[in-house]
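One-letter residues, chain by chain:
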Amino acid sequence: MDYKNPSLIVNSSEIKPGSITWKSPSNLALVKYWGKHGLQLPRNPSISFTLSEAFTQTSLEYAAKTDASQEIQLDFYFDGEENEVFKTKLLKFLVSITEIFPFLKQLHLTIRSSNSFPHSSGIASSASSMSALALCLCSLEEKLFGTLKGDTAFDKKASFVSRLGSGSACRSVYAEFGLWGAMGEVEGSSDMFAIAYTEKIDPVFKTFHDAILISSAGEKGVSSRAGHGLMEGNPYAELRYTQARQHMHQLLSAMEMGDLERFGHIVENEALTLHALMMTSNPSYILLKPDTLHIIEKVRKYRKETGHPVYFSLDAGPNIHLLYPDAIKTSIVQFIENELVQHCENGRWISDKVGQGPEQL
Ligand code: PMV
């Protein structure tokens, strides 16, 4: 499946200018996608919480082009200002998907994008931004051709296109939990796109909060792209892909049973494994900071002392994602304020939670 469709060409004289806007969230992987092949295909399946407060809002304005050139015409604004660096990246991506959306070459596009979270807050913006863009493109296709009727067809294609922009972005298209990667035991699962995975999950997980503790807001020293690439020579790679499959199997069962302890054990192991893989790459690198480790120690101690089901996760960066069910919110916010903010840069942390997925505005 590649969604190439040469018939998606418009009659330029009939196009009325218009605009489409989507708001799409970031997501946090519980079992991590780390290592890829081919065109952004995952080496192992992964599952994530869709977030609520960390999102990108993107609007796509379109009009017929006034000349017959075959190049995509793009103006790009980030936070209201023209941004040449982002524009160049975006244009490259749009050019790479013109066989999927051939009509892009016939239009003048103006894309305006902004994030709900501060720049350099350590939240990966690629998942929210690429999914927001993919949703706009699919809405445009549907508006011009009526080819994506029905939620399933629309979501699948939006997830597929998001994946081409940034692998993890394909999971952001769905409410609550997104599962990406073919797994025999999950019907409809695929390496090509993510699927919604909500039915077999105990309701307690739908109440989960994700407190993002910004232990360092600086730019990452090594990009995710480079990190995925280094997995190719990593001596533990094959073992890791086997482990990830086992973790998926175990995590899905723990989430179905509402087993918080088993959930937390796997999620923390996944986070540390991700960083262990970075440390064992060649060249090796470390994204964790001393404050990341202080927070981890405190979370484990607090859990032991109180018995509260609070667990940490990490993305490809130093910031802690503190995961806990709504029932213990008051205690955990107190714990963060009393013991953890001192390890956050300028005391910054963002209160997020499992969210309801993208929204067209
Ligand atoms: O989507 P990418 O290529 O930026 O990869 C992101 C990978 C992690 O965020 C570290 C893990 C994941 O599954 O989201």
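Data block above holds the structure.
S.K.: Could you clarify how one ought to interpret the packing of aromatic side chains in this entry?
M.R.: Counted according to the given criterion, the structure contains 15 aromatic pairs. Relative to W180, the ring of Y33 has its centre 4.6 Å away and its plane inclined at 65°; by these criteria the two rings are edge-to-face. One end of the pair, Y33, is in the loop between β1 (18-31) and β2 (36-37); the other, W180, is in strand β8 (residues 177-180), and 147 residues separate them in sequence. Residue class for Y33 comes out buried when judged on its relative accessible area of 8%. The buried category is assigned to W180, whose relative accessible area is 0%. Taken together, F49, F177, F205, F208, F263 and Y311 form an aromatic cluster joined through their ring pairs. One cation-aromatic arrangement involves K23 over F55; the distance from NZ or CZ to the ring centre is 4.4 Å. Over the face of the ring belonging to F160 we find R163, whose NZ or CZ atom lies 5.1 Å from the ring centre.

S.K.: Sorry, what's going on with the packing of helix α5 (residues 237-257) against helix α6 (residues 260-279) here?
M.R.: Between two packed helices, what matters for the description is the angle formed by their axes and the separation of those axes. Orientation of α5 relative to α6, taken along the N-to-C sense of each, is 155°, at an axis distance of 9 Å. Accordingly, the angle class assigned to the pair α5 and α6 is roughly antiparallel. The handedness of the crossing between α5 and α6 is left-handed. Contact residues: R240, Q243, A244, H247, Q250, L251, S253, A254, M255 and M257 in α5; R262, F263, I266, V267, N269, E270, T273 and L277 in α6. Each residue belonging to the contact of α5 with α6 can be placed in one class, and the counts come to nine nonpolar, six polar and three charged.

S.K.: Is there a simple way to explain α5 in this structure?
M.R.: Counting along an α-helix, one turn takes 3.6 residues, and residues three or four places apart therefore face a common direction. Across its 21 residues, α5 extends 30 Å between first and last C-alpha, which sits within 8% of the 30 Å expected from 1.5 Å per residue. Taken as a whole, α5 has its buried residues at A237, R240, Y241, A244, H247, M248, L251, L252, A254 and M255. Within α5, the buried residues cover an arc of 160° as seen down the axis, which keeps them to one side. In α5, the exposed positions that point more than 90 degrees away from the buried face belong to E238, L239 and M257. Positive backbone phi, at 75°, marks G258, one or two positions downstream of α5.

S.K.: Looking at this structure, how should I read the layout of surface pockets?
M.R.: As a volume, the second largest pocket reaches approximately 230 Å³. Residues of the lining of the second largest pocket, tallied by class, amount to four nonpolar, one polar and four charged.

S.K.: In this structure, what is going on with the site of the ligand? I would like to understand it.
M.R.: Neighbouring the ligand are 14 residues, the closest being Y33, S166, S168, R171 and D315. R171 has a polar side-chain atom sitting 2.7 Å from an oxygen atom of the ligand. Bound to the protein, the ligand loses 92% of the 380 Å² it would expose on its own. Of the residues in the shell around the ligand, the class split is five nonpolar, six polar and three charged.

S.K.: Honestly, the sheet that holds strand β13 (residues 349-353) in this entry has me stumped. Any pointers?
M.R.: Within a beta sheet, neighbouring strands are joined by backbone hydrogen bonds and run either parallel or antiparallel to one another. The strand order β11-β12-β10-β13 describes an open sheet built from four strands, whose pairing is antiparallel. If you trace the sheet from one side to the other, it starts and ends with β11 (311-314) and β13, each paired once. With strand direction ignored, the average angle separating the axes of adjacent strands in the sheet is 25°. Sheet analysis places strand β10 (residues 209-213) next to β13, joined by five bridges and oriented antiparallel.

S.K.: What's the story with the nonpolar core in this structure? I'm lost.
M.R.: It is characteristic of soluble globular proteins that their nonpolar side chains tend to be buried jointly. Ranked by internal contacts, the top residues of the largest apolar core, which has 71 residues, are L94 and F263. Top element by residues in this core is helix α2 (residues 126-145). It accounts for nine residues. One finds I295, V299, Y324 and I336 within the second-largest nonpolar core, a separate group that totals 21 residues.

What counts as what
Residues numbered from 1 in each chain as written. Predicted model: local features only at pLDDT ≥ 70, side-chain atom pairs only at ≥ 80, totals over all residues. Heavy atoms only, no water. Phe/Tyr/Trp six-rings, centres within 6.5 Å; stacked < 30°, edge-to-face > 60°. Helix = DSSP H or I, 4+ residues; strand = E, 2+ residues; numbered from the N terminus. Buried < 20%, exposed > 50% of the residue type's maximum accessible area, 1.4 Å probe, protein only. Lys NZ or Arg CZ within 6 Å of the ring centre and 35° of its normal. Axes fitted to C-alpha atoms, helices over the stretch in contact; angles between N-to-C directions. Parallel < 35°, antiparallel > 145°, perpendicular 65-115°, else oblique. Left-handed = near helix turned anticlockwise from the far one by under 90°. Contact = heavy atoms within 4.5 Å. Nonpolar A, V, L, I, M, F, W, Y, C, P; charged D, E, K, R; others polar. Expected span 1.5 Å × (residues − 1). Arc of directions from axis to C-beta. 1 Å grid on protein atoms, 1.4 Å probe; cavity = no way out; pocket = protein on both sides within 12 Å on 5 of 7 lines; lining within 4 Å. Points joined across faces, edges and corners; volume = space filled by probe spheres on them. Near = heavy atom within 4 Å. Polar contact = N/O pair within 3.5 Å; in protein donor to acceptor, adjacent residues only side chain to side chain. Areas by Shrake-Rupley, 256 points an atom, 1.4 Å probe, with all protein chains shown as cover. Pairing = 2+ DSSP bridges. Core = buried A, V, L, I, M, F, W, Y, C linked by side-chain atoms within 4.5 Å.

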